[in-house]
There are 2 protein chains.
Amino acid sequence: MKVEFINPFIASLKNVIGTMAQIDLVVQKPQKKGDELARGEVSGIIGMIGPQVKGSMAITFDKALATSIMKNMLGEVTNSIDDEVRDMVGEMTNMICGGAKSSLAEQNYDFELATPVIVSGTDHTIQHKVDGPKIILTFASPSGNAYLEICFDK
Amino acid sequence: MKVEFINPFIASLKNVIGTMAQIDLVVQKPQKKGDELARGEVSGIIGMIGPQVKGSMAITFDKALATSIMKNMLGEVTNSIDDEVRDMVGEMTNMICGGAKSSLAEQNYDFELATPVIVSGTDHTIQHKVDGPKIILTFASPSGNAYLEICFDK
């Protein structure tokens, strides 16, 4: 997978969370995800299909980060992953993937997005079934971490 | 959502599990999924995009059914949701959605499939973020249940 394909997702995630929730996320070095599975409390998953790409993206939020975003964005104080948190995660997933899609379209990488699916549950695991490499990035903040996984078949 | 769109998924799920694992699943009446969230031990999720459709499909397996499929299909006895079970669920998801895609193509409904994502975790929840109705179907067997959710934006 090319770096120019990953960077728009990194920029979009930082931009969306920074703009919407005033939380500055610091991205760590990309890692290839091996057997290890991402674990988190709530994730947004979205499928991507285009002439050059076929894959899936997942963004997992620590509970602390998800609730901080709720507080900063909507002024709502919650301590659990409820329907409103899941809705927010679905919205963020759409915005982040949509932002990356726009940047990539300018570089002539065109793809369409499926509708997001939000998964929650303590220590749920996510596994992308693709032939290509699985890239995972950690985004750190004092409010908790987010994890971005991008996987493509080709 | 039209019945002719749901039926190929029902037929394909019954056909794949029947053929691969010799388990006869009995489908119950489709229900609109409201606030309630599907709960299960392991799910395969796949995005679908086409000129007429944009949505997501999820198949959730009870642990008992997932381990029965492993035993019948591969002769492997397992009591937990491990990497091999998740791989099997990814494969089933691809086959079931692929079968439905072929039937629907004959009726001139064309869509492409994203790569499957497999989610596991006790009592994980799945929420499809779509504008249209969310349909959930229960498939019962003495070995445990499967749940099929199909959701479209339009």
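Read on for an overview of the structure. (Residues numbered from 1 in each chain as written. Chains lettered and ligands numbered in written order. Predicted model: local features only at pLDDT ≥ 70, side-chain atom pairs only at ≥ 80, totals over all residues. Heavy atoms only, no water.)

## A few points about the pairing of strand 4 (residues 54-61) of chain B
Residue and element names in this part refer to chain B.
Inference 1: Counted residue by residue, strand 4 has seven buried out of eight residues, so it is predominantly covered.
Inference 2: Relative to strand 8 (residues 146-152), strand 4 is paired through seven bridges, and the arrangement is antiparallel. The partner of Ser56 across the bridge, within strand 8, is Cys151. (Buried < 20%, exposed > 50% of the residue type's maximum accessible area, 1.4 Å probe, protein only. Helix = DSSP H or I, 4+ residues; strand = E, 2+ residues; numbered from the N terminus. Pairing = 2+ DSSP bridges.)

## Comments concerning the interface of chain B and chain A
Inference 1: Listed by partner, the interface residues are 32 residues for chain B and 32 residues for chain A.
Inference 2: Across the chain B/chain A interface, buried area totals approximately 2700 Å², and carbon plus sulfur atoms make up 57% of it.
Inference 3: It is B:Thr115, B:Gln127 and B:Lys129 that lose the most area in chain B upon contact with chain A, and together they represent 28% of the buried surface on that side.
Inference 4: Linking A:Lys129 and B:Glu91 is a salt bridge whose minimum nitrogen-to-oxygen distance equals 3.3 Å.
Inference 5: A per-element tally of the side of chain B that touches chain A places strand 6 (residues 117-128) of chain B first, with eleven residues.
Inference 6: Of the residues assigned to the side of chain B that touches chain A, the class counts are twelve nonpolar, eleven polar and nine charged.
Inference 7: One ladder, built from eight bridges, connects strand 6 (residues 117-128) of chain A with strand 6 of chain B; its direction is antiparallel. Across the sheet, the residue bridging to A:Val117 is B:His128, located in strand 6 of chain B. (Contact = heavy atoms within 4.5 Å. Buried area = accessible area lost by both parts, 1.4 Å probe. Salt bridge = Lys/Arg side-chain N within 4 Å of Asp/Glu carboxyl O. Nonpolar A, V, L, I, M, F, W, Y, C, P; charged D, E, K, R; others polar.)

## Overview of unusual backbone geometry
The general pattern is negative phi for most residues beyond glycine and trans for most peptide bonds.
All names here are of chain A.
Inference 1: The phi torsion at Gln22 lies on the positive side, around 50 degrees, for a residue other than glycine.
Inference 2: Along the chain, Gln22 falls in the loop between helix 1 (3-21) and strand 1 (26-27).
Inference 3: Looking at Gln22, the relative accessible area reads 54%, which means it is exposed.
Inference 4: The residue Asp123 is not glycine, and still its phi comes out positive at about 55 degrees.
Inference 5: Structurally, the position occupied by Asp123 is in strand 6.

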